[in-house]
Amino acid sequence: MAKNAWPSADRRKNIGARVSRLDGPVKVTGVAKYAYDVKRENMLYAKILQSSIAVGTLTEVDTSAAEKMPGVVAIIVQKDGQGNLPKISYAGDMVATVAAETEEIAMEALKRIKVSYEAGVPQMDDKDPSKASGRDQKKDQGLDDDNLSADEKLKQVFAAADTVSEGYYGLPIITHCSLEPHGQVTEFREGELYVWPSTQNVSGYANGLTRSTGLSADQIHVDCQYMGGGFGSKFSTDKWGEVGAQLSKQTGRPVKLMLERDQELTTAGHRPSAFANVKVGVKADGAITAMEVHAWGSGGQRRFRIPPTPYVFTKIPHYRTLGQSILTNRGLTRAWRGPNHPQAALITMSALADAAAALGMDELAFFKKNVGLTDRAEVYAEEMDVAAKLIGYREKAHLRGDKTPGPIKRGLGMSIHTWGGKGHNSTCAVTINPDGSAVGRMGTQDLGTGTRTVIAIVLADTLGLNVDEVRVEMGSNALPTSRASGGSSTVGGVSTSMRDASTNALNTLLDKVAPELGVPAEKLEAWGGRIQEVGKPSNSLAWKDACGLLGAMAITEQGANPTSDGTNLTTGGVGGCNIADVSVDIETGIVTMNEYVSVQDVGLVMDEKTAESQLYGGAIMGITYALFEEGIYDPTTGAMLNKDMEFYRLAGMGDIGTIKVHLMRGPKYEDRGVVGIGEPAVLSQGAAISNAVANAIGVRVPELPLTPDRVLDALSKGGVA
Amino acid sequence: MKTFEYASPNSLKDALGLLSDTWGETEILAGGTDLLTSIKQDVTAPRLVVSLKEVKGLSGIDSKGGNLSIGATTKLKDLIANEDVQKHFPGLVTAAKNIGSAQIINAGTVAGDLLQRPRCWYFRNGFGLFGMAGGKELVPDGDNRYHAIFGNGGKAKFVNPSSLAPLLIALGAGIDVQGPKKERSVKAADFFSTPKTESEREYALQANEIVTGISIPLSGKKNGIYEVRHRLGLDWPMVAAAVAFDESGGRIRNASVVLGHVAPTPWVAERATAVLNGQSRKAGAQAAGNAAAQGATPLSKNAYKVSQVKVAVRRAIEAV
Ligand SMILES: Cc1cc2nc3c(=O)[nH]c(=O)nc-3n(C[C@H](O)[C@H](O)[C@H](O)COP(=O)(O)OP(=O)(O)OC[C@H]3O[C@@H](n4cnc5c(N)ncnc54)[C@H](O)[C@@H]3O)c2cc1C
């Protein structure tokens, strides 16, 4: 009997190897069809009218002129739960949708809709904590004292520190800016709904459409084979999903409704801002004794939740955190890769690096000295050594402020981070056919990360086959259900359920083969395209011949995470260490990336290539939010000013420098089981790069992104210039 | 976007015949890298778009009569590849290359670069050239980090976006313009203007005129540019400086310093020019940089550009 456990290292053929992603060729040749590419016969094109005001009420939406336009087929005006025109809470809120014969007609019809508003005054300021509302979020650690109040105790622990450093740090709202915008194609056929959405949630997507369509979830058929990024913003059907389905129902025709780029930027997801005043108390030897964080920020109209500070160094003996939420008239917050962790990393790691600088201590030595204050001291210490070696820390490092002459100053900066990443709930089925073909089926999705490839790897390794000898079906809600892909939970979930199902299927096959090979099933294994007696390959059957014993009836077995037998193949909790090497032109304020090192623990590596690819991609996305990304809004009107790719800047290939990635491998790390890597890849860049800039120029640039204006402003107040 | 008609005449005469004398009714299409964006952003909603693609005789680079003539529809990529341009006007090559996007360089034209509309994000987001809402000017209290630091006393606070224009001015180039009746040549220095009303454009061109080419005197002047760029490609500079001068016996003469992306027009830095003439490069560069920045009137969020001007001018002179 095959065991429902990860194979020992000598029995991993594809697991942990460098397997190229299976959908690479169809993607680079354009064969892969995304929601955006779906074209149905007789399809209508729908376009959304957005509100031009940031706050207020719609008093009238007059669609009569638009309706009269030739080629306009249907118009839906947004209504709130009571059937009234909705309240507007940001510039870009959905007002109405037109479905027409062509995109151009739909666009022009939008201009003929007359909207009357009662506009209010938008609240756009997220930097002033006096604008906070709602309950304060407070957490104290180590401030209990029989004789002192917590406030007095806090004063006392700071008074006892040898050095107290204080700083202000912040990062603005950024958007998800998915390469493929949100949206879907919908089609009604024989009373049932077919949807091709761009979604992170294939199995759960239909639930969001039952109310608006009056259908039951089983009548809604969802198909998403490929999607162009979501980063946490594509879990739900959204208003445009509901409207698209309604338009299809109303017109009896397929409807394509995808957001335009400016709409993607204004409405399809924002990462909350965070700003903080931080105080750190340290002993002369570098030991951190106390920390106080007052953080505030805004998630639009959604409550800001304080980032988990102190981040990673959760065992700092005494600390207080206070969080305050500011409501602003910006688009809705959605989960953004590693929700709140990039903010927590920036706030914590910048403050700690500033404390090290105040002591005149090397940053790496300081982090190492305090590694015992984390949950994973040994892991972080090892990772710091690896990262230091990769970046050439010893040769390059200097204390804060590059003293070499000339306008170009170079510096190193680091950060460490953590994430969960345990596998989510997932079910799947594996079928082995009498002709030897094998297929794994599950209603999960591949966001472009390599999920499809990992599923195939697990199936292939369990059956002793090559990756190209098995087949994976996914991306449809007709398949066994799997959770939405969020929080790095996918790889652990799908690899567990697939290992479980394929082991069950194999065991059923082994039972059939056992009499033929004259040994009990427990003594058989699948390896190298054969079913063989363990330790005696001469007693074996080729895979196809073994499957031939099934006669007419294929095997189908189920698997799940959590597994039915209670075996645990996935775990959570990882650590990573990043170090950045930057140059700063102190005359122009331009920051240039030289090198970026990302070292990560991810448990059992399923595919080295796609895992590394996550670290590369994460580094690029992180460099982007460290140096460029920022939602910019007009304070008077609330309009987003950079809702285009010209001024919503993303790093290009020339801007990212050299990236080096390293996965912690070996039994100590990998025996823990599978852990996700999507979030850990992108948490530390803001902090590490900000620290590197401070190290280069001798002064902290308090806010991300580290743009020339901010760098020059910081330099005007101090530093090497 | 509003539906429009499209015409692709194959002679200059036919093209001119199609143009309205009112801005916005018709628009000229060259490479389209700016015009199409402008139409999609509703910056303009023409009834007719007149393409120059099939118009003969508008592209190509020639030297004649002591000038280098560059046809209006010459692609930026051909400007970069031209040996005469490389030899005489290395600064133009740098400026075009720095745009940093193969797609734009392959499609965009020289006249299109000069005539591209401002990138001001108020303008591009429906608040008009002066960034107005409800009778209020939004730019002064708004996000003006990329706006003008010179010539911003009136309503126009955007910056001229062209990377080629400053050096063309410094080199004393002329812009050839063909109207329905007459042909004229305008000095590049006089070609750009600051509109006083929303219905004006940012250059001395009538709506029914077509730019046919640019002539640059082959004066032998040394020239170069320096751009402060945040992102390496696919972006406009924050500040740029173009310089042209003669140099003999270690002294600079006949200097011209023109700034880009700092004012509603390319900005001739006269004080810098005065400081530079008669100096050695080494002594003059920093002094010219400081002089160029004098008189700046930064808005609430763009004082950093004043510092960048000093550096850009100095580095442009040093690098020539
Ligand atoms: C992301 C991005 C970054 C960029 N970065 C830079 C940069 O760093 N520096 C820079 O200078 N530019 C930059 N550009 C702008 C680019 O150079 C211009 O869009 C391009 O040069 C315009 O040329 P075109 O032929 O495509 O013009 P079109 O888009 O066809 O036309 C532009 C305008 O000029 C008018 N026009 C064109 N030709 C004529 C003519 N012969 N007579 C009269 N009117 C005419 C058109 O009517 C239109 O108003 C950038 C553009 C983008 C999208």
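Each value, and the rule that gives it
- Residues numbered from 1 in each chain as written.
- Chains lettered and ligands numbered in written order.
- Predicted model: local features only at pLDDT ≥ 70, side-chain atom pairs only at ≥ 80, totals over all residues.
- Heavy atoms only, no water.
- Helix = DSSP H or I, 4+ residues; strand = E, 2+ residues; numbered from the N terminus.
- Buried < 20%, exposed > 50% of the residue type's maximum accessible area, 1.4 Å probe, protein only.
- Contact = heavy atoms within 4.5 Å.
- Areas by Shrake-Rupley, 256 points an atom, 1.4 Å probe, with all protein chains shown as cover.
- Lys, Arg positive; Asp, Glu negative; His and termini not counted.
- Charge placed at Lys NZ, Arg CZ, Asp CG, Glu CD.
- Domains from an automatic or database assignment.
- Buried area = accessible area lost by both parts, 1.4 Å probe.
- Salt bridge = Lys/Arg side-chain N within 4 Å of Asp/Glu carboxyl O.
- Polar contact = N/O pair within 3.5 Å; in protein donor to acceptor, adjacent residues only side chain to side chain.
- Pairing = 2+ DSSP bridges.
- Axes fitted to C-alpha atoms, helices over the stretch in contact; angles between N-to-C directions.
- Parallel < 35°, antiparallel > 145°, perpendicular 65-115°, else oblique.
- Left-handed = near helix turned anticlockwise from the far one by under 90°.
- Nonpolar A, V, L, I, M, F, W, Y, C, P; charged D, E, K, R; others polar.
- Near = heavy atom within 4 Å.

## As for the overall build of chain B
Piece 1. Helix and strand counts for chain B come out as 12 helices and 14 strands.
Piece 2. On the principal axes, the C-alpha backbone points of chain B span a range of 55 × 50 × 35 Å.
Piece 3. Looking at chain B residue by residue over its 320 residues, the buried ones come to 58%.
Piece 4. Residue pairs at least 24 apart in sequence account for 64% of intrachain contacts in chain B once pairs closer than 6 positions are excluded.
Piece 5. For chain B, the exposed surface amounts to about 12,500 Å²; the carbon and sulfur share of it is 50%.
Piece 6. Mean positive and mean negative side-chain charge positions of chain B (38 and 29 charges, respectively) differ by 6 Å.

## Quick notes on the domain arrangement of chain A
All names here are of chain A.
Piece 1. Along its sequence, chain A is carved into domain 1 (9–32 + 423–561), domain 2 (35–121 + 182–258) and domain 3 (270–421 + 572–715).
Piece 2. Centre-to-centre, using C-alpha coordinates, domain 2 lies 38 Å away from domain 3.
Piece 3. Taken together, the contact pairs 12 residues of domain 2 with 13 residues of domain 3.
Piece 4. Taken over both partners, the interface formed by domain 2 and domain 3 buries close to 920 Å², and the fraction arising from carbon and sulfur atoms is 55%.
Piece 5. Contact with domain 3 buries surface across domain 2, with S89, Y90 and F231 losing the most and accounting together for 49% of the total.
Piece 6. Here domain 2 is connected to domain 3 by one salt bridge.
Piece 7. Close ionic contact of R334 with D238 constitutes a salt bridge, the shortest N to O distance being 2.8 Å.
Piece 8. Put simply, domain 2 and domain 3 have four residue pairs in polar contact (both at pLDDT 80 or more) between them.

## Here we look at the sheet that holds strand β9 (residues 183–187) of chain B
Residues and elements named next belong to chain B.
Piece 1. A sheet is described by the order of its strands in space; here five strands give the open sequence β4-β5-β10-β8-β9, paired in antiparallel fashion. Each edge of the sheet is formed by a strand with only one pairing partner; in this case those strands are β4 (61–64) and β9. Recorded for the sheet is a direction-independent mean angle of 25° between the axes of neighbouring strands.
Piece 2. Direction of pairing for β4 relative to strand β5 (residues 67–71): antiparallel, over a ladder of four bridges. Bridge assignment links D62 to a residue of β5, and that residue is S69.

## Some words on the interface of chain A and chain B
Piece 1. On the chain B side, the residues contacting the 35 residues of chain A number 34 residues.
Piece 2. For the pair chain A and chain B, the summed buried surface comes to about 2,900 Å²; carbon and sulfur atoms form 56% of the total.
Piece 3. Interface area lost by chain A to chain B is led by A:L641, A:F647 and A:R649, which between them contribute 20%.
Piece 4. In this assembly, chain A and chain B are joined by seven salt bridges.
Piece 5. Across the pair A:D585 and B:R315 runs a salt bridge, and its minimum N-O distance is 2.6 Å.
Piece 6. Our count for the contact surface shared by chain A and chain B stands at 15 residue pairs in polar contact (both at pLDDT 80 or more).

## Regarding the sheet that holds strand β24 (residues 536–542) of chain A
All names here are of chain A.
Piece 1. Taken in spatial order, the three strands of this open sheet run β22-β23-β24, and their pairing is antiparallel. Of all the strands in the sheet, the pair left with one neighbour each is β22 (524–527) and β24. Sheet twist, expressed as the mean angle between neighbouring strand axes with direction ignored, is 35°.
Piece 2. Inspection of the sheet shows β22 paired to strand β23 (residues 530–533) by four bridges, in the antiparallel sense. Each bridged residue has a counterpart across the sheet, and for W527 the counterpart in β23 is R530.

## Notes on the packing of helix α8 (residues 341–359) of chain A against helix α17 (residues 685–697) of chain A
For any two helices packed against each other, the geometry comes down to the angle between their axes and how far apart the axes lie.
Residue and element names in this part refer to chain A.
Piece 1. For the pair α8 and α17, the least separation of the axes is 8 Å and the interaxial angle reads 30°. Here α8 is positioned roughly parallel relative to α17, judged by the angle of their axes. Judged by the twist between their axes, the crossing of α8 over α17 is right-handed. Across from A345, L346, M349, S350 and A353 in α8, the residues of α17 making contact are G686, A687, S690 and N691.
Piece 2. Taken together, the residues of the contact of α8 with α17 sort by class into five nonpolar, four polar and no charged.

## A look at the site of the ligand
Piece 1. As a structural note, the neighbourhood of the ligand is formed by 33 residues, with B:I28, B:T33, B:D113, B:S163 and B:R229 the closest of them.
Piece 2. Neighbouring residues of the ligand are not confined to a single chain but are spread across chains A and B.
Piece 3. A distance of 2.5 Å is found between an oxygen atom of the ligand and a backbone nitrogen or oxygen belonging to B:I28.
Piece 4. In the environment of the ligand, an oxygen atom lies 2.7 Å from a nitrogen or oxygen atom belonging to the backbone of B:L35.
Piece 5. Coverage of the ligand by the protein chains reaches 96% of its 980 Å² of free accessible surface.
Piece 6. Listed by contribution, the elements that provide at least two residues to the shell around the ligand are β2 (26–29), α7 (110–115) and β10 (210–217) of chain B.
Piece 7. With four residues, α7(B) is the largest single contributor of residues to the shell around the ligand.
Piece 8. Taken together, the residues of the shell around the ligand sort by class into 18 nonpolar, nine polar and six charged.

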